[in-house]
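In case you want the letters, here they are:
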There are 2 protein chains.
Amino acid sequence: MTVTRSSARAKLLDAAATLFYRDGITATGIDRVIAHAGVAKASLYNNFAGKDELVAAYLSVRLERFDQTLATLMEIADPLARIDAFFDRLEANAASGQFGGCPFSRAAVEVNPDSPAHRVIVEFYRRLGSFFAQTLGVDIEDAGVKQLIVCYNGAMSSASVLKDPSLVGAAHDLVRASTMRR
Amino acid sequence: MTVTRSSARAKLLDAAATLFYRDGITATGIDRVIAHAGVAKASLYNNFAGKDELVAAYLSVRLERFDQTLATLMEIADPLARIDAFFDRLEANAASGQFGGCPFSRAAVEVNPDSPAHRVIVEFYRRLGSFFAQTLGVDIEDAGVKQLIVCYNGAMSSASVLKDPSLVGAAHDLVRASTMRR
DNA sequence: AGAATACTAGACAGACCGGTATAGTGTGTC
DNA sequence: GACACACTATACCGGTCTGTCTAGTATTCT
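Residues numbered from 1 in each chain as written. Chains lettered and ligands numbered in written order. Predicted model: local features only at pLDDT ≥ 70, side-chain atom pairs only at ≥ 80, totals over all residues.

### Remarks on the interface of chain B and chain A
Piece 1. Opposite the 29 residues of chain B that make contact, chain A presents 29 residues.
Piece 2. If you list the elements that add at least two residues to the side of chain B that touches chain A, you get α7 (103–108), α9 (143–161) and α10 (166–181) of chain B.
Piece 3. Looking at the side of chain B that touches chain A, the element that brings in the most residues is α9 of chain B, giving 12 residues. (Contact = placed C-beta atoms within 7 Å. Helix = DSSP H or I, 4+ residues; strand = E, 2+ residues; numbered from the N terminus.)

### Re helix α5 (residues 51–73) of chain A
Residue and element names in this part refer to chain A.
Piece 1. With 23 residues, α5 extends 33 Å between its outermost C-alpha atoms, agreeing within 8% with the 33 Å of an ideal straight helix rising 1.5 Å per residue.
Piece 2. Taken as a whole, α5 has its buried residues at Leu-54, Val-55, Ala-56, Ala-57, Tyr-58 and Leu-59.
Piece 3. Where α5 is buried, its residues touch α2 (7–23), α4 (41–47), α7 (103–108) and α8 (116–136). (Expected span 1.5 Å × (residues − 1). Buried ≥ 20, exposed ≤ 12 C-beta atoms within 10 Å, placed from the backbone.)

### With respect to the packing of α8 of chain A against helix α9 (residues 143–161) of chain A
Describing two packed helices takes the angle between their axes plus the distance from one axis to the other.
Residue and element names in this part refer to chain A.
Piece 1. Packing of α8 against α9 leaves a shortest axis separation of 9 Å and a crossing angle of 130°. One way to sum up the angle between α8 and α9 is to call them oblique. Seen from above, α8 lies across α9 with right-handed handedness. On α9, the residues touching Leu-128, Gly-129, Phe-132, Ala-133 and Leu-136 of α8 are Gly-144, Val-145, Leu-148, Ile-149 and Tyr-152.
Piece 2. Tallied by class, the residues present in the contact of α8 with α9 amount to 8 nonpolar, 2 polar and no charged. (Axes fitted to C-alpha atoms, helices over the stretch in contact; angles between N-to-C directions. Parallel < 35°, antiparallel > 145°, perpendicular 65-115°, else oblique. Left-handed = near helix turned anticlockwise from the far one by under 90°. Nonpolar A, V, L, I, M, F, W, Y, C, P; charged D, E, K, R; others polar.)

### Let's talk about the protein's contact with DNA strand D
Piece 1. Surveying the vicinity of DNA strand D reveals 22 residues, the closest of which are Gly-29, Gly-50 and Lys-51 of chain A together with Ala-8 and Ser-43 of chain B.
Piece 2. For the surface near DNA strand D, the secondary structure elements donating two or more residues are α3 (30–37) and α4 of chain A together with α2 (7–23) and α4 (41–47) of chain B.
Piece 3. Per-element accounting of the surface near DNA strand D gives the leading share, 5 residues, to α4 of chain B.
Piece 4. Tallied by class, residues from the surface near DNA strand D come to 8 nonpolar, 8 polar and 6 charged. (Near = placed C-beta within 6 Å.)

### What about the protein's contact with DNA strand C?
Piece 1. Inspection of the region around DNA strand C gives 21 residues, with Ala-8 and Ser-43 of chain A together with Gly-29, Ile-30 and Gly-50 of chain B positioned closest.
Piece 2. For the surface near DNA strand C, the secondary-structure elements that each account for two or more residues are α2 and α4 of chain A together with α3 (30–37) and α4 of chain B.
Piece 3. The element contributing the most residues to the surface near DNA strand C is α4 of chain A, with 5 residues.
Piece 4. Partitioned by chemical class, the residues of the surface near DNA strand C number 8 nonpolar, 7 polar and 6 charged.

### Re the domain arrangement of chain A
Often, the extent of an interface is quoted as the loss of accessible area upon association of its parts.
All names here are of chain A.
Piece 1. Taken as a whole, chain A is organised into domain 1 (1–47) and domain 2 (51–181).
Piece 2. Once you take the C-alpha centre of each, domain 1 and domain 2 turn out to be 26 Å apart.
Piece 3. Taken together, the contact between domain 1 and domain 2 spans 12 residues of the former and 11 residues of the latter.
Piece 4. Among the elements that take part in the side of domain 1 that touches domain 2, α2 stands out by supplying 7 residues, more than any other.
Piece 5. Partitioned by chemical class, the residues of the side of domain 1 that touches domain 2 number 9 nonpolar, 2 polar and 1 charged. (Domains from an automatic or database assignment.)

Right, dumping it as structure tokens:
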């Protein structure tokens, strides 16, 4: 059965998601991950080549979930309503207890630029930009897309560093002022 | 003589500024700092209580320089022109080779919340908000101030993570659209 | 039943971490 | 000339890091 087969892997990914996001990647040691997962050390190295691969896998799971969110949002036909819904979700996330900013930009300052995790981060931003471009009906290099990316990153980093969810609302206001103008 | 007196301290702060900003704080060990500074290990612990204090001192130097920049900008009487000049400087910095985003927000994800360095980070954001509030002629809790902070953080983090200085320009566009509107 | 396989438990290695201690050197001041 | 002092150089400590290895257990497929 595949259920039991990779239960250790699933437990590790759960623990990694919690600890890497909450405490940071470098600050979270292997031993703490396996302790939180309730799993033996060998199970980690049987399922992943090393810590780098675990980090990459953790971000890949996040990316997959993000993709599903985008797919849901794509069902909203009106472009402005879709972008509004995107930032509404951000506001809801920021208000939740465990909010700590964008997991990808947080990871970006911790991982090596040539690690497998870094490629997941790049891929995240590619898809984010692509979503905005598709919604605005413009090229991915368009200034409007860049403005939306700035608003996203600004919202996430501001709200997490200053521990003030209302900054996501400020970013949303900015988006309305900007997208209205085009 | 005071010149020779604190030459080791100055060399350490120079090395810390370069390495902490370029490679990250946790990734940069004490040994690498003293090697880059060309200084003995004991000199570090004679001048600073420990790594935490060195990190705080590094950020304090940055904060001091930032204060001088703000003081210069305050000479510009027109509020909108002053904010324009602020983002013009950001664009110039982002275009320079060693750009790696906001040193304070980068440090924020690496340092302990109750470390001396963290207080410097908080102080930076307090002064940034105060500068914006003063320029707009509003309270520091005003929505306009929050929007400007979002633009600043968005510009810095986007440009550094995506290695694309043009995102600072996008943030500047956003600012123009926003401050015009008020 | 028996082979394959994922798992647990934990000792261990080697590197590196922040920080301390020791011993000695150069320089300026009184 | 003697003292104070900031400095250099280096050995060392305890702890923690990632990763390896050994040995034994449970489960599942055939």
